[in-house]
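This is what each chain is made of:
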Amino acid sequence: MTAINAVTDYTLDGDVGVITLNSPPVNALSRGVLEGIAFGMQAAVADPGAKAIVLICEGRTFIAGADIGGLGSRREERPIDPMGELERSPKPVIAAIHGTALGGGLEAALCCNYRVAVPSARCGLPEVNLGLLPGAGGTQRLPRLVGPQKALEMMTSGMHVPARQCLEMGVVDELVEEGKLREGAIAFARKVLAENRPLRKVRDISEKVEAARGHPEIFAEFRKANARKFRGFMAPEWNIRCIEAAVNQPFDEGIKTEQKLFRELLAGEQSAAQRYAFFAERQANKIPDVPDDTPLIPVNSVGIIGAGTMGGGIAMNFANAGIPVTIVEVKQDALDRGLGVIRKNYERTASRGGITAADVEKRMGLITGSLDMNALAPVDMVIEAVFERMDIKKDIFSKLDAICKPGAILATNTSALNIDEIASVTKRPEAVIGLHFFSPANVMKLLEVVRADHTSKPVIATSMKLAKKIGKVAALVGVCPGFVGNRILGQRQREAQKLMFEGAMPWDIDRVMYDFGFPMGPFAMSDLAGLDIGWVKENSRGETIRDALCELDRRGQKTGAGYYDYDENRVAHPSPVTEKIIQDFVARSGVNARTITDEEILERCLYPMVNEGAKILEEGMAIRASDIDVIWENGYGWPVYRGGPMWWGDQIGLDKVLAGMKKLQAQMGDLYKPAALLEKMVAEGKNFTRV
Ligand code: 3H9
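Our subject in this report is the structure included herewith. (Residues numbered from 1 in each chain as written. Predicted model: local features only at pLDDT ≥ 70, side-chain atom pairs only at ≥ 80, totals over all residues. Heavy atoms only, no water.)

1. Remarks on the overall build of the chain
Step number 1: Within the chain, the secondary structure is distributed over 29 helices and 20 strands.
Step number 2: Judged by the C-alpha coordinates and their principal axes, the chain covers about 90 × 60 × 55 Å.
Step number 3: Across the 691 residues of the chain, 53% fall into the buried class.
Step number 4: Residue pairs at least 24 apart in sequence account for 71% of intrachain contacts in the chain once pairs closer than 6 positions are excluded.
Step number 5: A gap of 1 Å separates the mean positions of the 84 positive and 88 negative side-chain charges of the chain. (Helix = DSSP H or I, 4+ residues; strand = E, 2+ residues; numbered from the N terminus. Buried < 20%, exposed > 50% of the residue type's maximum accessible area, 1.4 Å probe, protein only. Contact = heavy atoms within 4.5 Å. Lys, Arg positive; Asp, Glu negative; His and termini not counted. Charge placed at Lys NZ, Arg CZ, Asp CG, Glu CD.)

What follows is the structure, encoded as structure tokens:
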């Protein structure tokens, strides 16, 4: 064995030279790995004993891409060409893939003549999720191998494609036995030699791109079909342009196009925000006073109290991950309804091809209903998801305290109530934690994990790990009204309502939020949720605009009207009825309605959010600013290409946010008082998210 460098070895196995990369955690293309490939290839090519070459990785995965943290930083270094060394090799080169071959990792594999993989491996070009495009030739090679249509799908979604599908598409040439990758790859290399197979280069494959030449409709249709999904993002369009180049330009010209477009994205604000978001999500898992080696509580069964929308959605997450769930309800019909909704949800997914009919039965088979809380005695974790009333929750938790086995985690899905108070009725407050799922709980990625005063470290560590297991993005927050997400949302909602009383119409405010990149504005959101949540007809006295709308049976989308009028296709239109109601309210309040600019709407809605984020940090309710951004991106539709409220505040300048808050405070009082931390940051020239 020869050490090529600190992360690369070269060995000769019979007549096959094996280059092994070992750069934990994910063999990212650091300078060391790039040099390892380049110099390893030179060694293998120069080795007279090696007739073929295998490129393989140690550890959990094949190369997972460029080193994201290092992207964009310029260093003066000796030029090397690892991709060229792979592609120009006079001896056949075989990439041996396990784990994930992603981004620059798959691009390196595409420079090899052949690729073998274990069945559990996945391949993808996920750069789009970092606001980028594959910048090591992947945009030109992948379409040549799989055709433009599949390349469009893979590159604009960033999906990690399972090995079997890669085999069908031609990305992988052969699957080898799980756990026997090295032997399998070497055997494949010998087969290539024995059969005298050609030194096939992906760059020279032309049938699929030639067939698409002169058919611009492929791209036009793809753009049209995905316009909504891609709205606001630059990277999908830049990826599409590269695939167009692959179809219309010779390979070397296409590479130049790729390089130019890659540089544009890399230098842009969107990619900076998206790369920040990548690390922010991972950072959120690190809890300073809960070390990595904190013992975990095994969670092999879960109980859920409440079979409503929330309870049902939560149950699905666990069943999807193969964890058995017991759902407890008070009445049989509510339980039947809840289980029926879950089944229907699964069947809908199956009808769209997301899962098989057998999966539906398997998952339903993991969910058991019960009317008896004693059924929760053996479970490892209980999540309460009932009506938001403190007396009900306290009653449930005191019963759980008596029923559940020692060591079980007792979680509440409350979005508003004080978890310390809930925990106080138990004799084991250390076992109590908040798990705030977002609706629909089987779809939304965010999980706010709420740490109460006495929550133990193992309970926190277990909840964070479990979140990942069920496919959620978790952030740890403290107990305060609204926790982090809803507390910040409250600021935006309040300002939206106030602006309406000052002269802005709901559709003006919604348009500004939508154009900023939110999926919908606050009023469209209220219409979707239903204006009558918490509204009681008998008590309604027309005191608020919401009252007035509900009294006219304008209760949102479901009644065909709310703030907006809805047509038969549920398309929203500004409503003259709503406009009149608002104008009457404004006239009665004695305020002179004024013209409000889009810029003012944006600042009024968003600056108080940044300010509230600063207060949350001041109070220690979030560990770090990036956790707040993780919450807003994954739970509230903050456009990821704008990084989250705290990142955004930093980008536009905290001095600007502070000046804006001071101006509002002077006009309208201490509701707008700048957070002390915001003042401090500005005074010290610091910011929240960049160090
Ligand atoms: C690219 O390739 C551009 C090229 O086209 C052009 C070049 C010119 N870099 O996610 P995990 C770290 S762009 C640096 O918790 P998992 C991660 O931060 C890249 N670090 O594990 C974490 O560190 P820590 C295209 C990376 O098992 C640790 O590894 N590639 C990178 O749940 C474990 O990560 C991608 O976008 C990286 N590339 O998932 C793939 N990747 O422990 C990005 C990971 O200190 N990566 N780290 O917090 C992933 O999708 C997942 O990490 C992966 C593993 C699926 C690989």
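2. Some details on the site of the ligand
Step number 1: In the vicinity of the ligand, 25 residues are found, and the nearest of them are Arg 60, Glu 107, Glu 127, Arg 282 and Lys 286.
Step number 2: At 2.6 Å, a side-chain N or O of Arg 60 approaches an oxygen atom of the ligand.
Step number 3: One of the side-chain nitrogen or oxygen atoms of Lys 286 is found 2.5 Å away from an oxygen atom of the ligand.
Step number 4: Burial of the ligand by the surrounding chains reaches 75%, relative to a free accessible area of 1000 Å².
Step number 5: Counting residues per element, the ones that place at least two in the shell around the ligand are β6 (100-102), α3 (104-111) and α13 (269-283).
Step number 6: Ranked by the residues each element gives to the shell around the ligand, the list is headed by α13, at three residues. (Near = heavy atom within 4 Å. Polar contact = N/O pair within 3.5 Å; in protein donor to acceptor, adjacent residues only side chain to side chain. Areas by Shrake-Rupley, 256 points an atom, 1.4 Å probe, with all protein chains shown as cover.)

3. Observations regarding the nonpolar core
Step number 1: Counting residues in each nonpolar core, the largest one holds 88 residues, and the members touching the most others are Leu 400, Leu 606, Trp 632, Leu 678 and Phe 688.
Step number 2: Counting residues per element, this core draws most heavily on helix α25 (residues 598-618), which supplies nine residues.
Step number 3: Excluding residues within four positions of it along the chain, Trp 632 makes contact with Gly 485, Ile 488, Leu 489, Arg 492, Phe 518, Met 609, Gly 637, Trp 638 and Pro 645.
Step number 4: Judged by nonpolar contacts, the second largest core, of 73 residues, contains Met 83, Ala 96, Phe 188 and Ala 212. (Core = buried A, V, L, I, M, F, W, Y, C linked by side-chain atoms within 4.5 Å.)

4. Examining the sheet that holds β6
Step number 1: The mixed open sheet is built from three strands, whose spatial order is β6-β8-β9. Of all the strands in the sheet, the pair left with one neighbour each is β6 and β9 (161-162).
Step number 2: Relative to β9, strand β8 (residues 122-124) runs antiparallel, the two sharing two bridges. Within β9, the residue paired with Cys 123 across the bridge is Val 161.
Step number 3: Those strands touched by α3 are β6 and β8, and its axis lies near 90° from that of β6. (Pairing = 2+ DSSP bridges. Axes fitted to C-alpha atoms, helices over the stretch in contact; angles between N-to-C directions.)

5. Some remarks on the sheet that holds strand β12 (residues 325-328)
Step number 1: Taken together, eight strands build an open sheet; the order of strands is β13-β12-β11-β14-β15-β16-β17-β18 and the sheet is mixed. At either margin of the open sheet sits one strand with a lone partner, and together these are β13 (367-370) and β18 (473-478). Neighbouring strand axes in the sheet, compared pairwise and without regard to direction, differ in orientation by 25° on average.
Step number 2: In this sheet, β12 lies alongside strand β11 (residues 302-305) in parallel orientation, the contact comprising four bridges. By the bridge assignment, Gly 303 is partnered in β12 with Thr 326.
Step number 3: Sheet strands touched by helix α19 (residues 457-469): β14 (381-384), β15 (409-412), β16 (432-437), β17 (446-451) and β18. Its angle to β18, the strand with the most contacts, is close to 150°.

6. Quick look at the packing of α25 against helix α28 (residues 654-668)
Axis angle and axis distance: for two packed helices, these are the angle between their axes and the distance between the axes, and together they describe the pair.
Step number 1: For the pair α25 and α28, interaxial distance at closest approach is 10 Å and the crossing angle is 105°. Comparing their axes, α28 and α25 come out roughly perpendicular. Counted together, Arg 604, Tyr 607, Pro 608, Val 610 and Asn 611 of α25 and Lys 656, Val 657, Gly 660, Met 661, Leu 664 and Met 668 of α28 form the full contact between these two elements.
Step number 2: The residue inventory of the contact of α25 with α28, partitioned by class, reads seven nonpolar, two polar and two charged. (Parallel < 35°, antiparallel > 145°, perpendicular 65-115°, else oblique. Nonpolar A, V, L, I, M, F, W, Y, C, P; charged D, E, K, R; others polar.)

7. Examining the side chain of Ser 301
Step number 1: Mapped onto the fold, Ser 301 is located in the loop between α13 and β11.
Step number 2: Using a relative accessible area of 18% as the deciding quantity, one classes Ser 301 as buried.
Step number 3: What Ser 301 contacts, discounting residues up to four positions off in sequence, is Ile 323, Pro 324, Pro 378, Val 379, Asp 380 and Met 381.

8. Focus on unusual backbone geometry
Step number 1: Residue Pro 25 follows Pro 24 across a cis peptide bond; omega there is 0°.
Step number 2: Inspection of the secondary structure assignment puts Pro 25 in the loop between β3 (16-21) and α1 (31-46).
Step number 3: Cis geometry marks the peptide bond from Ser 439 to Pro 440, where omega comes out at -5°.
Step number 4: Inspection of the secondary structure puts Pro 440 in the loop between β16 and β17.

9. Focus: α1
Step number 1: Under the 1.5 Å per step criterion, the end-to-end length of α1 is 22 Å for 16 residues, consistent within 8% with the ideal 22 Å.
Step number 2: Where the residues of α1 are buried, they touch β1 (2-5), β2 (8-13), β3, β4 (52-57), α2 (82-87) and β5 (93-97). (Expected span 1.5 Å × (residues − 1).)

10. Brief notes about the pairing of β15
For a regular strand, side chains alternate in direction, first toward one face of the sheet and then toward the other.
Step number 1: Alternating positions in β15 separate into two faces, Ile 409 and Ala 411 on one and Leu 410 and Thr 412 on the other, with burial throughout.
Step number 2: Here β14 pairs with β15 via four bridges, running parallel. Residue Met 381 lies in a different strand from β15, and its bridge partner there is Ile 409.
Step number 3: In this region the chain leaves β14, passes through helix α17 (residues 390-403) and returns to the parallel neighbour β15; the handedness of that crossover is right-handed.
Step number 4: By the bridge criterion, three bridges tie β15 to β16 in an arrangement that is parallel. Considered in β16, the bridge of Thr 412 is made with Gly 434. (Right-handed = clockwise from strand over helix to strand, strands pointing away.)

11. Some words on the environment of Pro 24
Step number 1: Tracing the chain through its elements places Pro 24 in the loop between β3 and α1.
Step number 2: For the pair Pro 24 and Thr 61, spaced 37 residues apart in sequence, the C-alpha to C-alpha distance is 9.0 Å.

12. Here's the deal with the state of the cysteines
Here a disulfide denotes one covalent bond, and it connects the sulfur atoms of two cysteines.
Step number 1: If you walk through the whole model with that rule in mind, you get zero disulfides.
Step number 2: With no disulfide partner, Cys 123 has as its closest neighbouring cysteine sulfur the one in Cys 166, 3.9 Å distant.
Step number 3: Using a relative accessible area of 1% as the deciding quantity, one classes Cys 123 as buried. (Disulfide = S-S within 2.5 Å.)

13. A look at the packing of aromatic side chains
Step number 1: The final tally for this structure, using the stated rule, is 19 aromatic pairs.
Step number 2: Ring centres 5.4 Å apart and planes at 75° place the aromatic pair Phe 438 and Tyr 636 in the edge-to-face group. Pair noted here: Phe 438 is in the loop between β16 and β17 and Tyr 636 is in the loop between α26 (625-635) and α27 (645-652), with a separation of 198 residues, a long-range link.
Step number 3: Connected via pairs of aromatic rings, a cluster forms that spans Phe 438, Phe 516, Phe 518, Tyr 607, Trp 632, Tyr 636, Trp 638 and Trp 648.
Step number 4: Stacked on the ring of Tyr 114, the Lys or Arg Arg 197 has its end atom at 5.7 Å from the ring centre. (Phe/Tyr/Trp six-rings, centres within 6.5 Å; stacked < 30°, edge-to-face > 60°. Lys NZ or Arg CZ within 6 Å of the ring centre and 35° of its normal.)

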